[in-house]
Amino acid sequence: MSNIKEERRKKEYNDLYKELCRRYDGETADQLRKYHNSVNRQDVCSRSTKPETVTAKRSRSYKNPESAFSKIFSETFLLCFIGFFFIITVGLGALYLTSPDRKYSESENRMLATAPTLTAENLISGKFMKDFEIYLADQFPIRDNAISIKTFSDRVLGKRQENNVYIGKNNFLFDSQVEYNEADTKAKTEAIDIFLSERPDLKAMIAISPNSSYIYKENLPYSLKLSDQKKDIQSVYGLFKSKNLVKLDVTTALENEKEKGTQLFYKTDHHWTTEAAYCAFENIIKQWGLDAENVSYEKLAVTTEFEGTLSGKAGVHDVKDSINIIVPKNSAGTYVVNYESQQRKTTSLFEKNKLNEKNKYEVFLGGNYDKVVISTTSHNENTLLIVKDSFANCMIPMLTPYFSKIVVVDPRYLTDNMDNIASDENYTHMLFLYNLNTFLEDTSIIEVF
Amino acid sequence: MVFSSSVFLFAFLPISFILYFIPISRKKGIEIAKKNLILLIVSLIFYAWGEPTYIILMVISIFFNYVVGIDIEHLFEKSKKKHAKVIFIFAVAVNLFLLGYFKYSGFIIDNINNIFGLSIENRELPLPVGISFYTFQILSYVVDVYLGKVRAQKRIVPFAAYITMFPQLIAGPIVQYSDIEKQLTDRVISKEKFADGIVYFARGIGKKVLFANTIGAVYTAITANGIGEISAATAWIGIICYTLQIYFDFSGYSDMAVGLGKMMGFEFVRNFNFPYIAHSITDFWRRWHISLSSWFRDYVYIPLGGSRRGTKRTIINILIVWSLTGMWHGAEWNFIAWGAFYGILLIVEKYLLKDIIEKTPMFIRHVITMVVVMIGWVFFSSADIGAAFNYLAAMFCLSGNAFFDSEASYLILNNGFAIVLMCLSAVGFFAKMPKIKNEKVFTVLNRLMYVGILILCVAYLISETYNPFLYFRF
């Protein structure tokens with residue numbers, strides 16, 4: 001390395017530096033000066049060939065000399081971290097390759113993305129890359145822990161809302177509300193009206209439950225105003241024109257029940273409790289004037305370890321809920337349940353093994369299915385067609401003494417249409433049982449009716 | 001591919017760095033040459049991941065300008081100055097045409113249709129990511145070669161590596177060729193610099209993922225349902241959130257670019273210097289997106305005559321430069337308005353208010369500057385000029401909505417602490433905080449903090465679905 005060359009280089013650099021200083025002023029010049037010093041320093045370090053002189057010169061050339069400890073520490077520490085980072089990457093890579101993809105996230109209650117297929121077309125359009133990124137995030141091995149970390153730091157900063165879940169007072173979690181939209185709702189009520197007008201003898205009833213964010217609005221985060229679901233439900237009811245449709249005011253019934261101190265909604269899940277369903281059930285039976293011989297109900301606790309979907313979605317795991325079931329006494333063996341699409345028959349409306357899984361609400365009916373047919377030993381002529389969402393699942397066991405046959409339809413999973421289902425049997429009663437969010441959101445009602 | 005994605009962090013970054021550090025040679029030149037080739041290849045993959053079709057455009061553009069550079073220099077050596085000038089003008093025109101064709105053709109056709117009532121068919125072309133950034137880098141090279149400020153790059157690999165270099169490819173900073181020429185063939189790659197780079201990268205990704213994304217989600221939520229009924233307080237909170245988002249997002253990208261560059265031995269210019277502590281608009285633009293404003297100064301303002309041709313000409317030059325700056329950010333009238341807004345303000349500051357400003361107390365100057373900057377962001381963030389004026393009306397209580405409502409108090413309760421934290425960070429409060437006296441403790445804590453930031457970022461990235469890329473119109 002020739003010294004003349006070195007000198008020329010330095011001169012060139014210094015000239016450039018002066019030129020730059022002339023052009024900039026104030027803080028920018030300070031920046032430049034700092035940079036200038038650091039470059040000079042690096043020159044010294046990188047250009048000497050003997051390691052001894054490096055350390056010697058290095059410590060001398062520092063303007064604010066850092067101790068040797070700090071330098072060594074910061075270097076080795078950060079390099080270690082990068083090594084660790086790379087190991088994690090390789091480890092995660094191995095995990096990806098060896099473990100099968102999760103199709104469904106129980107804690108978030110949604111389907112996860114699966115591996116995109118690599119085709120020339122996907123590659124050129126960029127679809128493969130986009131899908132791959134979603135796939136990677138969804139299948140990330142420590143995804144659930146990551147959500148908890150994020151929620152924790154957000155809560156430290158005072159955030160009361162996470163992934164569209166409100167973190168309320170007294171450990172209440174609330175789902176966000178679906179906004180009422182007259183045009184969309186009208187399409188649904190009209191479809192139902194047409195269906196009912198063709199069956200004038202059918203005793204139909206609609207029961208729409210509010211959500212916990214309405215019933216427990218005092219526990220919402222401070223100053224959060226959500227829509228008045230009681231009014232919204234009245235608006236939905238007002239759109240129906242059928243004469244043979246009874247509209248049940250579930251909201252008032254639940255509000256009265258709440259006064260008695262009954263817990264009506266889970267704190268960690270968006271569903272109502274079995275007690276709330278029982279309250280609605282009593283009103284339905286009363287409204288229809290139904291009677292059954294010697295029926296009394298008993299309440300059984302099935303789990304105290306329930307962490308609902310809101311808990312997973314928000315990453316908040318402060319409390320656990322208890323699930324109770326309410327069933328007619330001595331109801332064992334009084335009905336047969338036929339999951340038609342699954343080609344499976346059972347004699348219970350409860351799936352006990354679901355209590356060992358994450359989403360324990362699926363203990364009722366085993367979750368949501370397109371069509372479930374329940375034949376009971378009850379001696380009466382009444383048959384019931386239920387069109388519902390998951391809120392109904394915990395109420396269905398209570399209804400068995402009153403009907404000889406109950407057909408449960410969930411339009412969200414149905415490929416058939418309601419006209420076909422209604423013509424299978426001569427139903428005496430029909431019940432629409434929904435919570436407001438699902439009723440407003442779900443568009444499959446229009447498709448099946 | 002964006003830096004703040006798991007594909008980048010857990011697949012692209014480790015693999016490309018391992019490849020980059022494989023070539024070791026006793027001869028520095030050979031080592032750097034090999035590293036440049038690897039950098040070029042991984043950068044092309046990086047670009048192709050997000051733009052699988054337009055990569056062809058970029059490759060053609062690189063070849064074209066590589067040949068042009070050599071040609072111009074060759075003609076100068078043979079003293080064919082006129083010929084060189086023709087080639088130069090042709091090259092600039094081709095580069096500007098490509099940028100204009102992809103970025104502004106839709107906008108121009110729309111306006112022609114509107115003004116003349118025509119209906120020329122308008123095929124909406126998707127904008128190639130980063131085209132504004134790399135076209136400007138190419139132009140800096142072509143112009144400097146023509147002016148003889150730099151030698152033409154004879155080797156295609158370093159030249160292509162300069163254009164495609166993945167750290168700054170899609171969101172800047174705009175690295176001028178003259179700044180990086182030497183580093184392309186001779187740069188220092190050291191442990192120290194690498195460790196330094198990690199700190200920069202961690203700071204950048206923290207700004208982007210922890211700050212910009214979270215506060216941006218608040219702004220998006222506020223404007224999602226229209227601004228018809230928002231109170232003045234909510235409108236202000238919204239624009240404060242946007243102001244913070246765009247700064248942390250953009251400067252975060254720049255920090256990440258600087259960090260990645262350092263890890264590979266490059267030194268990029270600083271792109272942001274605490275713009276929100278500016279005490280005047282002139283000062284603001286010395287601190288905001290420095291690489292863009294210096295590009296416009298060096299390649300538009302000064303060639304036009306700068307301020308040396310009298311007041312009238314200077315004013316015209318300023319207006320030209322700032323309308324172009326606005327247009328550079330997107331082919332919409334609101335961006336042009338945003339640019340012109342700053343152009344006019346700079347002229348007013350320079351000629352009319354100079355004395356008044358100097359007498360004004362510093363605190364008031366800071367406040368006024370920030371309010372003006374926020375008004376600027378309203379134009380920048382709105383879909384069109386009409387929407388911008390509606391938003392301004394809401395901010396200044398002219399829309400007839402309430403001044404304060406429960407939404408505003410909910411927003412404050414939820415995000416107030418985060419907003420204060422980010423504001424302090426944006427004005428450099430933490431950077432200027434007195435350091436802990438015991439240096440060992442300080443270093444340990446400081447580095448631990450950055451590691452913590454990286455871990456938090458990973459957690460956020462995995463669980464977060466909101467991770468916008470704001471520069472798709474640039």
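Computed from a predicted model, the values in this text were never measured in an experiment.

1. Looking at the overall build of chain B
Line of reasoning, step 1. When helices and strands are counted, chain B shows 19 helices and zero strands.
Line of reasoning, step 2. Scaling as 2.2 N^0.38, a compact globule of 474 residues should have a C-alpha radius of gyration of about 23 Å, and chain B matches this with 23 Å.
Line of reasoning, step 3. Each principal axis of the C-alpha distribution contributes one length, and for chain B these read about 70 × 65 × 50 Å.
Line of reasoning, step 4. Evaluated residue by residue, chain B yields a buried proportion of 56% over its 474 residues.
Line of reasoning, step 5. Taking contacts inside chain B between residues at least 6 apart in sequence as the whole, the part at least 24 apart equals 77%.
Line of reasoning, step 6. The centroid of the 42 positive side-chain charges in chain B is displaced by 11 Å from the centroid of its 29 negative side-chain charges.

2. A look at the overall build of chain A
Line of reasoning, step 1. When you go through chain A residue by residue, the secondary structure sums to 17 helices and 15 strands.
Line of reasoning, step 2. Among the 449 residues that make up chain A, the fraction classed as buried is 49%.
Line of reasoning, step 3. Surface summary for chain A: the accessible area is close to 22,600 Å², and the carbon and sulfur share equals 52%.

3. Topic: the pairing of strand 15 (residues 429-435) of chain A
Residue and element names in this part refer to chain A.
Line of reasoning, step 1. Of all the seven residues making up strand 15, seven are buried; the element is thus mostly covered by neighbouring parts of the structure.
Line of reasoning, step 2. Alternating residues of strand 15 divide into H429, L431, L433 and N435 and M430, F432 and Y434, and every residue in both groups is buried.
Line of reasoning, step 3. The pairing of strand 6 (residues 203-209) with strand 15 spans seven bridges and is parallel. Bridging from a neighbouring strand, K203 pairs with H429 of strand 15.
Line of reasoning, step 4. Strand direction decides the pairing type here: strand 13 (residues 383-388) and strand 15, joined by five bridges, are parallel. Paired with K388 across the strands is L433, a residue of strand 15.

4. A look at the sheet that holds strand 10 (residues 335-339) of chain A
In sheet architecture, strand pairing relies on hydrogen bonds along the backbone and comes in two forms, parallel and antiparallel.
Residue and element names in this part refer to chain A.
Line of reasoning, step 1. The strand order across the open sheet formed by eight strands is 7-6-15-13-14-12-10-11, and the pairing between neighbours is mixed. Of all the strands in the sheet, just strand 7 (245-248) and strand 11 (344-346) have a single pairing partner and so form its edges. Ignoring strand direction, the axes of neighbouring strands in this sheet form an average angle of 15 degrees.
Line of reasoning, step 2. Summarising the sheet, strand 12 (residues 371-376) and strand 14 (residues 405-409) pair through five bridges and their orientation is antiparallel. Residue S375 lies in a different strand from strand 14, and its bridge partner there is K405.

5. A short note on the sheet that holds strand 4 (residues 165-167) of chain A
Residues and elements named next belong to chain A.
Line of reasoning, step 1. In space, the three strands of this open sheet follow the order 3-4-5, with antiparallel pairing throughout. Of all strands in the sheet, those bounded by a partner on one side alone are strand 3 (161-162) and strand 5 (173-175).
Line of reasoning, step 2. In the sheet, strand 4 pairs with strand 5 via three bridges, with the strands oriented antiparallel. Looking across to strand 5, one finds that I167 is bridged to L173.

6. Comments concerning the interface of chain B and chain A
Line of reasoning, step 1. In this assembly, 57 residues from chain B lie in contact with 60 residues from chain A.
Line of reasoning, step 2. Counting each side, the surface lost to burial between chain B and chain A is near 5,300 Å², with a carbon and sulfur contribution of 65%.
Line of reasoning, step 3. Inspection of the chain B/chain A interface yields zero salt bridges.
Line of reasoning, step 4. Between the two partners, chain B and chain A, sit seven residue pairs in polar contact (both at pLDDT 80 or more).

7. Topic: the packing of helix 12 (residues 311-328) of chain B against helix 13 (residues 333-352) of chain B
Residues and elements named next belong to chain B.
Line of reasoning, step 1. Across the interface, helix 12 lies against helix 13 with an axial gap of 7 Å and an inter-helix angle of 150 degrees. By the angle between their axes, helix 12 is roughly antiparallel relative to helix 13. As helix 12 packs across helix 13, the resulting crossing turns out to be right-handed. Here helix 12 contributes T311, T314, I315, I318, L319, W322, G326 and M327 to the contact with helix 13, which in turn contributes F335, I336, W338, G339, A340, Y342, G343, I344, L346, I347, K350 and Y351.
Line of reasoning, step 2. Each residue belonging to the contact of helix 12 with helix 13 can be placed in one class, and the counts come to 14 nonpolar, five polar and one charged.

8. Describing a nonpolar patch on the surface
Line of reasoning, step 1. Judged by side-chain polarity, I108, I112, I115, F116, L118 and I120 of chain B come together as a nonpolar surface patch covering roughly 580 Å² of accessible area.
Line of reasoning, step 2. Following the sequence through the fold, I108 of chain B ends up in helix 4 (residues 81-116).

9. Describing the packing of aromatic side chains
Line of reasoning, step 1. Applying the stated criterion to the full structure yields 80 aromatic pairs over all chains.
Line of reasoning, step 2. For the pair F379 of chain B and F389 of chain B, a centre-to-centre distance of 5.5 Å together with 85 degrees between the ring planes defines the contact as edge-to-face. In this pair, F379 of chain B sits in helix 15 (residues 362-381) while F389 of chain B sits in helix 16 (residues 385-395), placing the two residues ten residues apart along the sequence.
Line of reasoning, step 3. Overall, F379 of chain B belongs to the buried group, its relative accessible area being 8%.
Line of reasoning, step 4. When the ring centre of F195 of chain A is taken as origin, the NZ or CZ atom of R199 of chain A, which lies over that ring, is 4.1 Å away.
Line of reasoning, step 5. Positioned above the aromatic ring of W328 of chain B, the side-chain terminus of K103 of chain B is 5.2 Å from the ring centre.

10. Let's talk about the pattern of salt bridges
Line of reasoning, step 1. All chains considered together, the criterion is met by 31 salt bridges over all chains.
Line of reasoning, step 2. Ionic pairing is found between K358 of chain A and E307 of chain A, a salt bridge with its closest N-O pair at 3.1 Å. Of the two residues, K358 of chain A sits in the loop between strand 11 and strand 12 while E307 of chain A sits in the loop between strand 8 (297-306) and helix 13 (309-314), which places them 51 residues apart along the sequence.
Line of reasoning, step 3. Among the residues examined, E307 of chain A registers a relative accessible area of 13% and is labelled buried.
Line of reasoning, step 4. Notably, a salt bridge pairs D283 of chain B with R287 of chain B, separated by 3.3 Å at the nearest N-O pair.

11. Digging into the environment of L424 of chain B
Line of reasoning, step 1. Looking at where L424 of chain B falls in the secondary structure, it is placed in helix 17 (residues 406-426).
Line of reasoning, step 2. Apart from residues no more than four positions distant in its own chain, L424 of chain B is found in contact with F429 and F430 of chain B.

12. Focus: the environment of L99 of chain B
All names here are of chain B.
Line of reasoning, step 1. In this fold, L99 is placed in helix 4.
Line of reasoning, step 2. Assessed through its relative accessible area of 5%, L99 is described here as buried.
Line of reasoning, step 3. Once residues within four sequence positions are removed from consideration, L99 is found in contact with Y104, I131, S132, T135 and F136.

13. Looking at the packing of helix 4 of chain B against helix 5 (residues 131-146) of chain B
Residues and elements named next belong to chain B.
Line of reasoning, step 1. At a closest axis distance of 11 Å, the pairing of helix 4 and helix 5 adopts a crossing angle of 175 degrees. It follows from the interaxial angle that helix 4 and helix 5 lie roughly antiparallel. Of the residues in helix 5, those touching helix 4 at A84, K85, F88, A91, V92, N95, L96, L98, L99, F102 and K103 are I131, S132, T135, F136, I138, L139, V142, V143 and Y146.
Line of reasoning, step 2. Class assignment for the residues of the contact of helix 4 with helix 5 results in 15 nonpolar, three polar and two charged.

14. Points about the pairing of strand 13 of chain A
Residue and element names in this part refer to chain A.
Line of reasoning, step 1. The element strand 13 is largely enclosed, with a buried count of six among its six residues.
Line of reasoning, step 2. Burial along strand 13 is two-sided: T383, L385 and V387 facing one way and L384, I386 and K388 facing the other are all buried.
Line of reasoning, step 3. Note that strand 13 and strand 14 share five bridges and pair parallel. Directly across from V387, in strand 14, lies its bridge partner V409.

15. Quick look at helix 11 (residues 250-259) of chain A
Residue and element names in this part refer to chain A.
Line of reasoning, step 1. Within the sequence span of helix 11, burial applies to V250, T251, A253, L254 and E257. Buried residues along helix 11 cover an arc of 160 degrees about the axis, so they all sit on one side.
Line of reasoning, step 2. Elements in contact with the buried residues of helix 11: strand 6, helix 9 (212-215), helix 10 (229-239), strand 7 and helix 12 (274-288).
Line of reasoning, step 3. Two to three positions downstream of the cap, the backbone nitrogen of T251 sits 3.4 Å from a side-chain oxygen, assigning the N-cap of helix 11 to D249.

The rules we used
Residues numbered from 1 in each chain as written. Chains lettered and ligands numbered in written order. Predicted model: local features only at pLDDT ≥ 70, side-chain atom pairs only at ≥ 80, totals over all residues. Heavy atoms only, no water. Helix = DSSP H or I, 4+ residues; strand = E, 2+ residues; numbered from the N terminus. Rg over C-alpha atoms; globule rule 2.2 N^0.38 Å. Buried < 20%, exposed > 50% of the residue type's maximum accessible area, 1.4 Å probe, protein only. Contact = heavy atoms within 4.5 Å. Lys, Arg positive; Asp, Glu negative; His and termini not counted. Charge placed at Lys NZ, Arg CZ, Asp CG, Glu CD. Areas by Shrake-Rupley, 256 points an atom, 1.4 Å probe, with all protein chains shown as cover. Pairing = 2+ DSSP bridges. Axes fitted to C-alpha atoms, helices over the stretch in contact; angles between N-to-C directions. Buried area = accessible area lost by both parts, 1.4 Å probe. Salt bridge = Lys/Arg side-chain N within 4 Å of Asp/Glu carboxyl O. Polar contact = N/O pair within 3.5 Å; in protein donor to acceptor, adjacent residues only side chain to side chain. Parallel < 35°, antiparallel > 145°, perpendicular 65-115°, else oblique. Left-handed = near helix turned anticlockwise from the far one by under 90°. Nonpolar A, V, L, I, M, F, W, Y, C, P; charged D, E, K, R; others polar. Patch = residues over 30% accessible without salt bridge, like charges linked within 9 Å, V, L, I, M, F, W, Y side chains within 5 Å. Phe/Tyr/Trp six-rings, centres within 6.5 Å; stacked < 30°, edge-to-face > 60°. Lys NZ or Arg CZ within 6 Å of the ring centre and 35° of its normal. Arc of directions from axis to C-beta.

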